[in-house]
Amino acid sequence: MQKEKLKLFGDKSVRTIWDAEHEKWYFSVVDVVTVLTESANPTDYIKKMKKRDPILAEGWGQIVTPLLVQTAGGKQKTNFATGDGILRIIQSIPSPKAEPFKLWMAQVAATRIDQLQDPELSIDQAVDDYKRLGYSDAWINQRIRSIEIRKELTDEWERGDVQKQQFAILTDLITKGWSGYTTKRYKAFKNLKKENLRDNMTNLELVLNSLAEASTTEISKSKNPKTMTEHTSVAKQGAEIAKDAKEKIERETGHSVVSPLNAKDIRRLKSADGNKPDEIIAETAMEPTD
């Protein structure tokens, strides 16, 4: 399985998970029911639906798969189903959106297959998604580059036998090393909850975070760390390089690089007064207190 993603059906979001091993999409059952029925209580609708369709109820355990996903209340198990399972569920939902939704699912699957054959399409899709959300071209270019740099780092960690559950520990060291904030505190500083921290960084924050991660990658290649202790040392060294750059920028500009603004703030303020995002950030930047 890969991490959860949001796919848009019209203006509604549906949580999806890609199973790389079996090359299948899993769709959140409650999200699909919400989209098709617009019910204020989709969980209750599902219960009534299963009562109306005893055959569906009998085979429910084979149709749905409980998967651990991030929710507002923390990580919880939520029912997902493959495309075939969702099609069976749709049969029990009288909705004019049923046919358009089936076509949408087919498009999601086809797009993923195309992206596996041509990874550049994944980048094109990401660019389109960011543009739709209102990000600037300059920010998008930097964000795409940061994704590539992050992938190079995680590949290096895998080569160095770092376990995936340890990635978060090393990432936290890098983030705090250059910014002064742990990932959790950084998100709180920007008033974020489930949102991706990098998607809410300014151009300069992204640049410095990428510098820290790219430096860590190159140092790791040079020193070839074998233990978690050695990887920790390398992560701190990589972060220190970006911290030095950050402090020099702050001395020259007179304001903090680390900004409390998130993506929504930047777009709202820009539309309100016409300033460029960097100008807004300079006016509102604050020093970390962590």
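Look a little higher up for the structure.
Keep in mind it's a predicted model, so treat the numbers as computed, not measured. (Residues numbered from 1 in each chain as written. Predicted model: local features only at pLDDT ≥ 70, side-chain atom pairs only at ≥ 80, totals over all residues. Heavy atoms only, no water.)

A.B. asks: Help me understand the nonpolar core in this model?
C.D. replies: Generally speaking, soluble globular proteins have nonpolar side chains that are buried together. Core analysis: the biggest nonpolar cluster contains 27 residues, and W157, I174, W178 and Y186 have the highest contact counts within it. For this core, the secondary structure elements donating two or more residues are α8 (137-159), α9 (167-179), α10 (183-189), α11 (203-223) and α12 (228-253). Top contributing element to this core by residue count: α8, with five residues. When neighbours within four sequence positions are excluded, Y186 is seen to be in contact with T175, W178, S179, Y181, L197, M201, E205 and V258. By size, the runner-up hydrophobic cluster in this structure holds 26 residues, among which are V14, V33, A81 and W104. (Core = buried A, V, L, I, M, F, W, Y, C linked by side-chain atoms within 4.5 Å. Buried < 20%, exposed > 50% of the residue type's maximum accessible area, 1.4 Å probe, protein only. Helix = DSSP H or I, 4+ residues; strand = E, 2+ residues; numbered from the N terminus. Contact = heavy atoms within 4.5 Å.)

A.B. asks: I keep staring at unusual backbone geometry and nothing clicks. Help me out?
C.D. replies: With the exception of glycine, most residues fall at negative phi, and the peptide bonds are largely trans. Phi at N191 takes a positive value of approximately 60°, unusual for a residue other than glycine. Structurally, N191 can be placed in the loop between α10 and α11. According to the relative accessible area criterion, N191 is exposed, its value standing at 57%. Positive phi values are uncommon outside glycine, yet N224 reaches one of about 50°.

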